[in-house]
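Descriptive structure summary
What follows is each chain in one-letter form.
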Amino acid sequence: MASNPVEYLPGKQPHPREHRMIFRNVDRAGWDASIDTYLNDGGYEMAKKALKMERQDIINEVKASGLRGRGGAGFPTGVKWGFIPPTNTKPVYLICNADESEPGTFKDRYILHQDPHQLIEGMIISAFAVKANLAYIYIREEFPHAATIVEKAIAEAKNKGFLGKAIFGSDFDLEIYVHRGAGAYICGEETGLIESLEGKRPYPRIKPPYFPAALGLYMSPTIVNNVESLCHVKHILQMGGAEYAKLGTPNNTGTRILCVSGDVQKPGYYEVQVGKVTMGEVINDLCGGLKPGRTLKAIIPGGSSAKVLKADETYKLKDGRELTIWDIPMDFDTMAACGSMAGSGGVMIMDDSRSMAWVINNLNKFYQHESCGQCTPCREGSPWMAKISDRIIAGNASPDDVDMLEQVANQIEGKTICAFGEAASWPTQSFVRKFRDEIKSMTKADLAGRIVNEETKLAVAGLEA
Amino acid sequence: MEVPADLEARIDEAITHYPVSRRSAVLPVLHLLQHHFRYITEESVAWTAAKLGLEPIQVLEVVTFYPGFRQTAPGKVHVRVCRTLACAMAGSYELLEKFCQASGIDREAINHHHPIGVSPDGKYSIEFVECLASCGTAPVCLVEDDLHEKVDPAAVDKVLAQYS
């Protein structure tokens, strides 16, 4: 493959600690989203190569690479592909999840806008590997320009014979279409996404039996992969799975794009080898440190659904190591061992100027708005949490309310069809458990035992009458 | 309701993207109608249902679920300000206030049940929306289809002026 020297736009030079692979062409000087630019850079060579390979060999390379899904759950991509029943006779579908909606996450948008052909090439390889002749890219409605750019890229690829019938002169057919969401976070949940693609409300399906690889779109085997994950497939084929696995750390291979936001000097996107930089290096090296005169208070390390990390915590690992928040390597396994998750790569930094009650209230309102309403604990509990934290930040809460906030979260976790229940309750539980004193300090002891809600007051009056 | 021939042609083309089930085309058809008519009317629901061979309720339940489908008319220029954490930390609540002030919209009238505020002259509408996935350049807003990043609340007039 041609490897033209890569130069970046003024002021957009990647940090020396970065390892640009998926984001190689993001902010690249002289780069655009056209197919000619991509072809001049050696584009679509891996798709051509893949179509001459045995399908199982591609899947084996992806398994050998150790690639874990970059959408949030971190599930091994090759293993997911392997769940299609071997006896299957139905059509198989591939769906690219470009619903990027997890607060704190903003990586896929740059791939869609600046390097759509990398995604299409990854999808051609992946669709061929799983025997899908029809694929959809589910793009959130709030990315209107991205949808236009990707649709244009698909048309260009089709024009060149890279999509459609008998692509690259093989006997493999593939159509890719863009499907646009309509502003609902729950569509990022893969079974909710599938319902949405079927033209329905995106109510997640219960698993089992509706594991998409067995019973997905139109009750056929369906593979749903994140944008970044599908792009990685191209590079795995280029490098070989074993060579790719040398990037990163064992069981946490490859690169990933960290999206850093909040109270740092230089928020933004940073592609690094998984586990090769620590949280402290992310803040101090990549992001230029905290704001002047400020100290670190808390970090949400993997999108808003991840449990918060408190600045003065230490984490004892099974291997005997003891880590501070600054020492945590940015990988999947250590982050889980520290009680949170690497999730979608969205790292949100909060300094000592931030009220933790205000932060959790902001997130409670997000989950209140986004609960699909299918399961009672989540439908009722998410707004209830927002109501409680509303009165905490308004100074109208009793100390008991803080404990009740946690209890409501406890009643959602593990009691819903999909992982939204955990996503809504984990931030609440962790913020309350780790910052209980601070949050309680905003309450009034003399309000204990009071019925605070006007509606409740009226209801109680009605019962007593 | 008049659906122009070129719009219907685009709708018919979109339906071909779903060879297995016409029902899958509900969202794309609604998007095309909303793009043209600015919001989804009862007539649009009935038209979509007839077009796809569905019951109107099968379309209406989609319209009422997704925040991206508007059931009331927005202004000529629709502004969506991101409310969620990174943007809120960077001042998006103030940004919303300033947009409301600049366009003469009553901030208090925007709530969960009435998510879109429209200016008295019908020129602008404002919506406070959840995460727009640009947290690194907070605070952000979408004006029509354009993302505006690191928006200074003091400069909302300049943003709106680009769309007058």
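Up top is the structure these notes are about.
These lines cover the structure that appears in this document, whether it is placed above or below.

On to the nonpolar core. One finds Ile124, Ile137 and Phe431 of chain A together with Tyr66 of chain B to be the most contacted residues of the largest nonpolar core, which totals 146 residues. The biggest single contributor to this core is helix H6 (residues 116-130) of chain A, with 9 residues. If we skip the residues at most four places from it in the chain, Tyr66 of chain B touches Tyr138, Ala182, Ala184, Cys187, Ser196, Lys200, Arg201 and Pro202 of chain A together with Leu27 of chain B.

Next up on the list: the sheet that holds strand E7 (residues 255-262) of chain A. Residue and element names in this part refer to chain A. Strand order in the open sheet formed by 5 strands is E8-E7-E13-E9-E10, with mixed pairing between adjacent strands. The sheet is open, and its two edges are formed by strand E8 (268-273) and strand E10 (309-310), each paired on a single side. Where strand E9 (residues 296-300) and E10 come together, 2 bridges link them in antiparallel fashion. In the strand pairing of E10, Ala298 is matched with Lys310. Against the sheet, helix H11 (residues 279-286) makes contact with E7, E8, E9, E10 and strand E13 (346-351), and its axis sits at roughly 115° relative to E9, the strand it touches most.

On to the pattern of salt bridges. All names here are of chain A. Scanning all chains against the criterion turns up 41 salt bridges over all chains. With its nearest N and O atoms 2.6 Å apart, the salt bridge here joins Arg205 to Glu195. Pair noted here: Arg205 is in the loop between helix H8 (190-197) and strand E4 (222-226) and Glu195 is in helix H8, with a separation of 10 residues, a long-range link. For Arg205, a relative accessible area of 6% corresponds to the buried category. Accessibility expressed as a relative area gives 13% for Glu195, which makes it buried.

In this chain, Pro208 of chain A is followed by Pro209 of chain A through a cis amide linkage whose omega measures 5°. Within the fold, Pro209 of chain A resides in the loop between H8 and E4. The omega torsion across Ala138 of chain B and Pro139 of chain B is -5°, close enough to zero to call that bond cis. Structurally, the position occupied by Pro139 of chain B is in the loop between strand E3 (124-129) and strand E4 (141-143). Of note in this structure, Ala166 of chain A is not a glycine but carries a positive phi near 45°. Tracing the sequence through the fold places Ala166 of chain A in the loop between helix H7 (144-159) and strand E3 (175-180). Overall, Ala166 of chain A belongs to the partly exposed group, its relative accessible area being 36%. Phi angles above zero are rare outside glycine, and Asn251 of chain A is one such case at about 70°.

This brings us to the interface of chain A and chain B. Contact residues are listed per partner, giving 58 residues for chain A and 41 residues for chain B. Across the chain A to chain B interface the summed buried area is about 3800 Å²; carbon plus sulfur atoms make up 61%. The largest per-residue losses of area from chain A upon contact with chain B belong to Ala182, Arg201 and Asn362 of chain A, which jointly make up 15% of the total buried on that side. Inspection of the region where chain A meets chain B yields 1 salt bridge. Between Arg80 of chain B and Glu141 of chain A there is a salt bridge; the shortest N-O distance is 2.9 Å. Taken together, chain A and chain B are joined by 19 residue pairs in polar contact (both at pLDDT 80 or more). Sorting the residues of the side of chain A that touches chain B by element identifies helix H5 (108-114), strand E2 (132-139), H7, E3, H8, E7, E13 and helix H13 (356-370) of chain A as the ones contributing at least two each. The biggest single contributor to the side of chain A that touches chain B is H13 of chain A, with 8 residues. Taken together, the residues of the side of chain A that touches chain B break down into 30 nonpolar, 14 polar and 14 charged.

What counts and what doesn't
- Residues numbered from 1 in each chain as written.
- Chains lettered and ligands numbered in written order.
- Predicted model: local features only at pLDDT ≥ 70, side-chain atom pairs only at ≥ 80, totals over all residues.
- Heavy atoms only, no water.
- Core = buried A, V, L, I, M, F, W, Y, C linked by side-chain atoms within 4.5 Å.
- Buried < 20%, exposed > 50% of the residue type's maximum accessible area, 1.4 Å probe, protein only.
- Helix = DSSP H or I, 4+ residues; strand = E, 2+ residues; numbered from the N terminus.
- Contact = heavy atoms within 4.5 Å.
- Pairing = 2+ DSSP bridges.
- Axes fitted to C-alpha atoms, helices over the stretch in contact; angles between N-to-C directions.
- Salt bridge = Lys/Arg side-chain N within 4 Å of Asp/Glu carboxyl O.
- Buried area = accessible area lost by both parts, 1.4 Å probe.
- Polar contact = N/O pair within 3.5 Å; in protein donor to acceptor, adjacent residues only side chain to side chain.
- Nonpolar A, V, L, I, M, F, W, Y, C, P; charged D, E, K, R; others polar.

All we've got here are geometric facts, nothing functional implied.
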